[in-house]
Amino acid sequence: MANTDATTLDEGPDLLIPGMGEEGETLVVQQAENQPVEDEETKYGTSRADRKTSFNLADFPVLTGEEEDWRFTPLHRLANLHLPEGDEKLLTGAAPAVSVTEHDGVSIETVARDDQRLGSFMVPDDRTSAIAWNSFSEATVVTVADNVNIEEPITISVEGNSTDPAAQHIHVAVGANSRVNLVINQTGKAVVSQNVEFAVGEGATANVTSLQAWDDETIHVGSQQASLGKDSTFKHVVITYGGSLVRLTPITRFAGEGATTNMYGLYFADAGQHMEHRIFIDHSTNNCTSDALYKGALQGKGARSVWVGDVLIRGNTSGTNSFEKNENLLLSEGAQADSIPNLEIETGIIDSGGHASSVGRFDEQQLFYLMARGIPEPLARKLIVRGFLNEIIQKIGIEDVEAAVTEVMEEEIADLEL
Amino acid sequence: MSTLEIKDLHVSIETEQGDKEILKGVSLTIKSGETHAIMGPNGSGKSTLAQAIAGHPSYNVTGGEILLDGEDVLDMEVDERAQAGLFLAMQYPVEVPGVSMSNFLRTAKTALDGESPAIRTWTKDVRSAMDNLEMESSFATRNVNEGFSGGEKKRAEILQLELFKPKFAILDETDSGLDIDALRVVSAGVNRAQETNDMGSMLITHYTRILRYIKPDYVHVFVDGKIVDSGGEELADRLEDEGYVNYEKTQAPA
């Protein structure tokens, strides 16, 4: 990416040779400047800023599997959620049943697809999301009033009971200066393409955990998009361990300045499970902070995870702090994890930015340290895995959910072939 | 009374250029209650000796014996060596994310004793050991060595030494990176463990500074993978004045 420095270029006219300055860099900058930026980006097509967003399915051609954002997904396992035969069909199966716990200050509605609020905080950015948008028949809308503090988690239970390909839409709006804990608990069997939109009002704090605890046969592709108001805080924790194939694309966009997003995730892929998480944090305004941390443990033949972390810090912003990290622990032979952090910085005026990524087996130094304290190897390994995963569980911040996820983790660890 | 015997120990490591012998025949016997200081220049193999006794998988023992009360230590797994009563206070304690100190200490104590410690006395023991080492109470809830300063890591090692009550401790440059206050606190911990449990110890160090706080019964000079001289405390004073140069002059420069 061309790092254009206007001050340097202004000195250009006095130079004998165009583009040749005292520093060699000037030439490079000059040359880059001479080429239309669009050309470069079209050519490489890698900037997240170029990704199409649209409610119109025709804008997303039938998938070939070559697309950057689909190249890791086994399309043949999507049970036609991506409509491989053309745009005419809809996903007509019964969507998983939704129920929401009741709280003062929270309204729960089931609305028709033409409700004006739907789609106000998200735009589909891939084919399956557009298909879900085209297909859903009614949506669940959860609205939290302004200035309320709801400690008890608002729980949205999503319970699948059919494997007919279905579409689902959930809309959550948190009012200004309110504080809520919210859990989306996805269980049962389903083949579903899902859009979830979150609006976090000015000064509000939303702490969201989305649990993918599906039955083994479930296929779930989902977009979870958040729009953050000025000075709001959004924590989004994804816990995925159930289902045959889960592909989630959590996105945070900043609608106002001074907001903070923490995007965390934990996945535990067993034999044959494909778990894909592609996050996107779009720093399009000033003084916003993002912290992303996803951790995965994989065991068994064909256990597969994909993590892509797109962070875009746009050229017109300042005061951004951003860090993203993904760590994967391969617990057995035959498991595969892909991890791709993409940090794109279009501006030089950021406060801090960074990314890290790892795919590895056991840390032998950790193992040695614990064993040198008398802890037998199998127990030492479990401690290390537990510790590795705990880092995310500790971030959920909702006691009951932390306890439930800890229990699931203990079951997964009990099965470890160490 | 216990005895740790090291007999003609040869240890090598794998390098890109092939196996490299680091220890070239080390013999040393330590009895309960004794403190042996091992002093030598950088790269002489002191830490290799410590790691080999603890059983680190990167170090291959190619000859010799290590016996703890006649039992073959080299035949034991790493955890079995600790259970038999050996403790290595590490030069670079390892971070274990997500595992709290309190969980780790209890798990290790349970493994070492073969039964879980009584909750009431254990909590009290941990607290008083932490107080003695001037450690803040928040320490117990932090993850093992994670984000600890150099001094905190060394205190955490000595905390374990006091709680686990080994027969023999190998202290691998426990003094490095400590300021004078931390050195005093950590040394007091080692002395307490020695008095309370009649522990024998091998104190590996570059400097004589720590020997002002922990009095050695024996001082051994370690150069190029071997003990080249042994004596009493006065040998340390001589090293302080003369350095290792008299021992090294027959060696190729590092």
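Residues numbered from 1 in each chain as written. Chains lettered and ligands numbered in written order. Predicted model: local features only at pLDDT ≥ 70, side-chain atom pairs only at ≥ 80, totals over all residues. Heavy atoms only, no water.

Draft legend 1. Quick look at the nonpolar core. Leu370 of chain A together with Ile6, Leu49, Phe104, Leu105, Leu161 and Met202 of chain B are the most contacted members of the largest nonpolar core, which has 113 residues in total. With nine residues, helix H6 (residues 377-396) of chain A is the single largest residue contributor to this core. Sequence-distant contacts of leucine 49 of chain B, that is, excluding residues within four places in its chain, are made with Ile6, Leu9, Leu23, Val26, Met202 and Phe222 of chain B. In this structure, Val106, Val174, Ala226 and Ala303 of chain A belong to the second largest nonpolar core, which totals 48 residues. (Core = buried A, V, L, I, M, F, W, Y, C linked by side-chain atoms within 4.5 Å. Buried < 20%, exposed > 50% of the residue type's maximum accessible area, 1.4 Å probe, protein only. Helix = DSSP H or I, 4+ residues; strand = E, 2+ residues; numbered from the N terminus. Contact = heavy atoms within 4.5 Å.)

Draft legend 2. The packing of aromatic side chains, seen in detail. One pass over the full model with this rule turns up seven aromatic pairs over all chains. Judged by centre distance (5.5 Å) and plane angle (50 degrees), the ring pair of phenylalanine 198 of chain A and phenylalanine 234 of chain A falls under tilted. Here phenylalanine 198 of chain A, found in strand E5 (residues 179-200), pairs with phenylalanine 234 of chain A, found in strand E8 (residues 233-242); they are 36 residues apart in sequence, far enough to count as distant. The residues phenylalanine 198 of chain A and phenylalanine 234 of chain A share a single accessibility class, namely buried. Relative to phenylalanine 104 of chain B, the ring of tyrosine 369 of chain A lies with its centre 5.9 Å away and its plane at 25 degrees, an arrangement referred to as stacked. Here the residue tyrosine 369 of chain A occupies a position in helix H5 (residues 364-371), and phenylalanine 104 of chain B occupies one in helix H3 (residues 101-113), the pair thus bridging two chains. The class for tyrosine 369 of chain A is buried, based on a relative accessible area of 0%. Taking NZ or CZ as reference, arginine 113 of chain A lies 4.7 Å from the ring centre of phenylalanine 136 of chain A, over its face. Across from the ring centre of tyrosine 264 of chain A, 4.8 Å away, lies the NZ or CZ of lysine 395 of chain A, which sits over that ring. (Phe/Tyr/Trp six-rings, centres within 6.5 Å; stacked < 30°, edge-to-face > 60°. Lys NZ or Arg CZ within 6 Å of the ring centre and 35° of its normal.)

Draft legend 3. Representation of the interface of chain A and chain B. Chain A puts 18 residues into the contact, and the matching count from chain B is 31 residues. Across the interface of chain A and chain B, roughly 2,000 Å² is buried in total on both sides, 68% from carbon and sulfur atoms. Run the count over chain A and chain B and you get one salt bridge. Run the count over chain A and chain B and you get ten residue pairs in polar contact (both at pLDDT 80 or more). Elements represented by at least two residues in the side of chain A that touches chain B include exactly H5 and H6 of chain A. The greatest single-element share of the side of chain A that touches chain B, amounting to seven residues, is contributed by H6 of chain A. Along the lines of polarity and charge, the residues of the side of chain A that touches chain B split into eleven nonpolar, five polar and two charged. (Buried area = accessible area lost by both parts, 1.4 Å probe. Salt bridge = Lys/Arg side-chain N within 4 Å of Asp/Glu carboxyl O. Polar contact = N/O pair within 3.5 Å; in protein donor to acceptor, adjacent residues only side chain to side chain. Nonpolar A, V, L, I, M, F, W, Y, C, P; charged D, E, K, R; others polar.)

Just distances and angles here, no functional claims.
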